[in-house]
Amino acid sequence: MSNILEVKDLNISFHTFAGEVQAIRGVNFDLKKGETLAIVGESGSGKSVTTKAIMRLLPPGNSEIKSGEILFDGKDLTKLNDRQMQKIRGKDISMIFQDPMTSLNPTMTVGKQIMEPLIKHQKLSKAEAQERVIELLKLVGIANPEARFKQYPHQFSGGMRQRVVIAIALACNPKVLIADEPTTALDVTIQAQILELMKDLQEKIDTSIIFITHDLGVVANVADRVAVMYGGKIVEIGTVDEVFYNPQHPYTWGLISSMPSLDAKDEDLYAIPGTPPNLLYPPKGDAFAPRNEYAMKIDLEQQPPMFKVSDSHYAATWLLHPDAPKVEPPAAVKKRMKKLPGSNK
Ligand SMILES: Nc1ncnc2c1ncn2[C@@H]1O[C@H](COP(=O)(O)OP(=O)(O)OP(=O)(O)O)[C@@H](O)[C@H]1O
Ligand SMILES: [Mg+2]
């Protein structure tokens with residue numbers, strides 16, 4: 001499968017009063033045509049900054065892409081000027097944010113808001129755009145679209161608003177759709193409906209999706225591949241099966257162990273001890289070392305490279321070095337691995 005997006009050795013810093021925060025430190029990944037890639041990792045690991053860089057939506061005042069390339073259809077997005085980027089944003093690459101209320105304009109009807117990108121990017125006439133909006137509202141599961149067209153966001157429930165945001169994002173048939181925690185602001189039953197919708201859309205449309213989530217539980221359901229981020233780096237990447245059933249990085253083990261389980265009798269929720277690194281002073285070695293009970297001397301001294309586990313599975317942990325002691329994932333992880341949604345092992 002060919003790649004629609006290639007992120008190569010991306011480094012991004014923020015200049016703050018306290019100094020330079022090295023938020024993204026050598027991120028590499030690609031997105032294949034038609035696939036869904038999930039990005040998971042604790043708060044502050046760099047998920048949003050990575051995707052905002054793709055959209056070129058980083059705050060212009062204090063952020064800096066220090067180095068790297070973001071190749072979309074062969075073009076390096078980091079090199080485009082604002083005008084060139086505006087032609088791509090919302091058309092070829094679009095994004096859904098966490099909170100549907102802040103993404104919508106409260107003073108404009110929902111219909112007009114969905115029409116905007118169609119008129120701007122696709123140069124549709126008003127009548128054509130209106131017709132397409134009705135189609136899009138139906139696609140995202142909004143009943144009575146003709147009447148809904150004329151309503152304002154406050155007349156929609158939270159879940160319905162997120163459907164509208166998704167309709168806007170899909171209006172121009174983007175090649176890449178980025179969804180940054182699209183369900184976290186919604187209550188649990190609505191979350192499930194929006195995820196169901198995303199899955200459904202995936203089958204109907206030919207868009208590649210980057211899906212950011214805290215919730216490992218939904219990953220197995222929506223994604224083809226998973227990238228695990230920690231301290232501004234991808235520490236493990238592979239297919240859903242590889243990362244869930246054959247995880248290699250101790251941080252991934254920690255994430256899997258700390259997944260809430262549906263089993264009510266389950267022991268107390270595990271939390272990874274310690275705190276993420278302060279990226280004002282990135283550590284010399286593996287950023288996870290201070291929290292890693294399997295850390296070796298080299299973890300404190302040198303950053304691990306990405307070791308190859310299979311053609312599609314890579315992990316940055318010294319445990320994969322041929323000379324490292326063989327360490328099995330802890331029992332708690334193995335137990336969880338049997339209980340993952342969709343797991344029949
Ligand atoms: N505008 C900013 N100024 C300074 N630092 C920033 C800014 N935006 C992000 N950062 C830093 O960049 C790092 C990565 O942040 P990012 O928002 O990508 O995390 P995240 O993985 O999306 O977390 P969350 O799950 O909480 O959304 C953090 O250390 C954060 O403090
Ligand atoms: Mg974020």
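Residues numbered from 1 in each chain as written. Chains lettered and ligands numbered in written order. Predicted model: local features only at pLDDT ≥ 70, side-chain atom pairs only at ≥ 80, totals over all residues. Heavy atoms only, no water.

Under an unreviewed UniProt entry, the protein has the name Oligopeptide transport system ATP-binding protein and belongs to Mesobacillus foraminis. Of the comments in the UniProt record for the protein, the one headed Sequence similarities (unreviewed entry) reads "Belongs to the ABC transporter superfamily." (UniProt positions renumbered as here; feature names shortened; annotations may be inferred.)

Caption draft 1: Structural context of the sheet that holds strand 7 (residues 176-180). Spatial ordering of the open sheet is given by 6-7-8-3-9-10-12-11, a layout of eight strands whose pairing is mixed. In this open sheet, the two edge strands, each paired with only one partner strand, are strand 6 (93-96) and strand 11 (307-310). Geometrically, the sheet is characterised by an average inter-axis angle of 20 degrees between neighbouring strands, direction not taken into account. Of the strand pairs in this sheet, strand 11 and strand 12 (residues 313-315) are connected by three bridges, and their pairing is antiparallel. Paired with Ser310 across the two strands is His313, which belongs to strand 12. Helix 8 (residues 188-204) rests against strand 3 (36-40), strand 6, strand 7 and strand 8 (208-212) of the sheet, and its axis sits at about 160 degrees to strand 8. Relative to the sheet, helix 11 (residues 250-257) contacts strand 3, strand 9 (225-230) and strand 10 (233-239), its axis offset from that of strand 9 by approximately 105 degrees. (Pairing = 2+ DSSP bridges. Helix = DSSP H or I, 4+ residues; strand = E, 2+ residues; numbered from the N terminus. Axes fitted to C-alpha atoms, helices over the stretch in contact; angles between N-to-C directions. Contact = heavy atoms within 4.5 Å.)

Caption draft 2: Expanded view of the domain arrangement of the protein. When its domains are assigned, the protein resolves into domain 1 (3-223) and domain 2 (248-337). At the junction of the two partners, domain 1 supplies 14 residues and domain 2 supplies 12 residues. The contact between domain 1 and domain 2 buries some 1000 Å² in all, and 61% of this surface belongs to carbon and sulfur atoms. Of all residues in domain 1, the largest losses of buried area upon contact with domain 2 belong to Arg25, Glu42 and Leu216, amounting jointly to 53% of the total for that side. Counting the contacts that link domain 1 with domain 2 gives one salt bridge. For Arg291, the salt bridge goes to Glu42, with nearest N and O atoms at 3.1 Å. (Domains from an automatic or database assignment. Buried area = accessible area lost by both parts, 1.4 Å probe. Salt bridge = Lys/Arg side-chain N within 4 Å of Asp/Glu carboxyl O.)

Caption draft 3: Layout of the packing of helix 4 (residues 110-121) against helix 7 (residues 158-170). Between helix 4 and helix 7, whose axes approach to 8 Å, the crossing angle comes to 25 degrees. The orientation of helix 4 relative to helix 7 falls into the category roughly parallel. Handedness of the crossing formed by helix 4 with helix 7: right-handed. Of the residues in helix 7, those touching helix 4 at Val110, Gln113, Ile114 and Pro117 are Val164, Ala167 and Ile168. Here the residues of the contact of helix 4 with helix 7 sort into six nonpolar, one polar and no charged. (Parallel < 35°, antiparallel > 145°, perpendicular 65-115°, else oblique. Left-handed = near helix turned anticlockwise from the far one by under 90°. Nonpolar A, V, L, I, M, F, W, Y, C, P; charged D, E, K, R; others polar.)

Caption draft 4: Region of the structure containing helix 4. For helix 4, every residue scored as buried is listed here: Val110, Gly111, Gln113, Ile114, Met115, Pro117, Leu118 and His121. Buried residues belonging to helix 4 abut helix 2 (82-88), helix 5 (126-139), helix 6 (145-149) and helix 7. Two residues or fewer past helix 4, Lys123 is found with a positive phi of approximately 55 degrees. (Buried < 20%, exposed > 50% of the residue type's maximum accessible area, 1.4 Å probe, protein only.)

Caption draft 5: Quick peek at the site of ligand 1. Inspection of the region around ligand 1 gives 15 residues, with Ser43, Gly44, Lys47, Ser48 and Val49 positioned closest. Gly46 has a polar backbone atom sitting 3.0 Å from an oxygen atom of ligand 1. Interatomic distance of 2.8 Å between a backbone N/O atom of Val49 and an oxygen atom of ligand 1. Relative to its unbound accessible surface of 640 Å², ligand 1 loses 67% to contact with the protein. (Near = heavy atom within 4 Å. Polar contact = N/O pair within 3.5 Å; in protein donor to acceptor, adjacent residues only side chain to side chain. Areas by Shrake-Rupley, 256 points an atom, 1.4 Å probe, with all protein chains shown as cover.)

Caption draft 6: Highlighting the UniProt feature "domain: ABC transporter" (unreviewed entry) in the protein. Taken from the UniProt record, the annotation "domain: ABC transporter" (unreviewed entry) applies to residues 7-256. Along residues 7-256 the backbone is 40% helical and 27% strand, and the end-to-end C-alpha distance reaches 26 Å.

Caption draft 7: How the structure looks around the pattern of salt bridges. Scanning the model with the defined rule gives 17 salt bridges in all. With its nearest N and O atoms 3.4 Å apart, the salt bridge here joins Glu301 to Lys297. One end of the pair, Glu301, and the other, Lys297, are both in helix 12 (residues 297-301), four residues apart, so they sit about a helical turn from each other. Residue classification places Glu301 among the partly exposed positions, given a relative accessible area of 39%. We classify Lys297 as exposed; its relative accessible area is 62%. Here the salt bridges do not stand alone but share partners, grouping Asp30, Lys32, Glu35 and Arg225 into one network.

Caption draft 8: Quick look at the environment of Glu6. Relative to the helices and strands, Glu6 resides in strand 1 (residues 3-16). Residue classification places Glu6 among the partly exposed positions, given a relative accessible area of 24%. Between the C-alpha atoms of Glu6 and Asp76, which are 70 residues apart in sequence, the distance is 9.2 Å. With residues near it in sequence (within four places) discarded, Glu6 still touches Phe29, Asp30, Glu69, Ile70 and Leu71. A distance of 3.0 Å separates a polar atom in the side chain of Glu6 from a polar atom in the side chain of Asn3.

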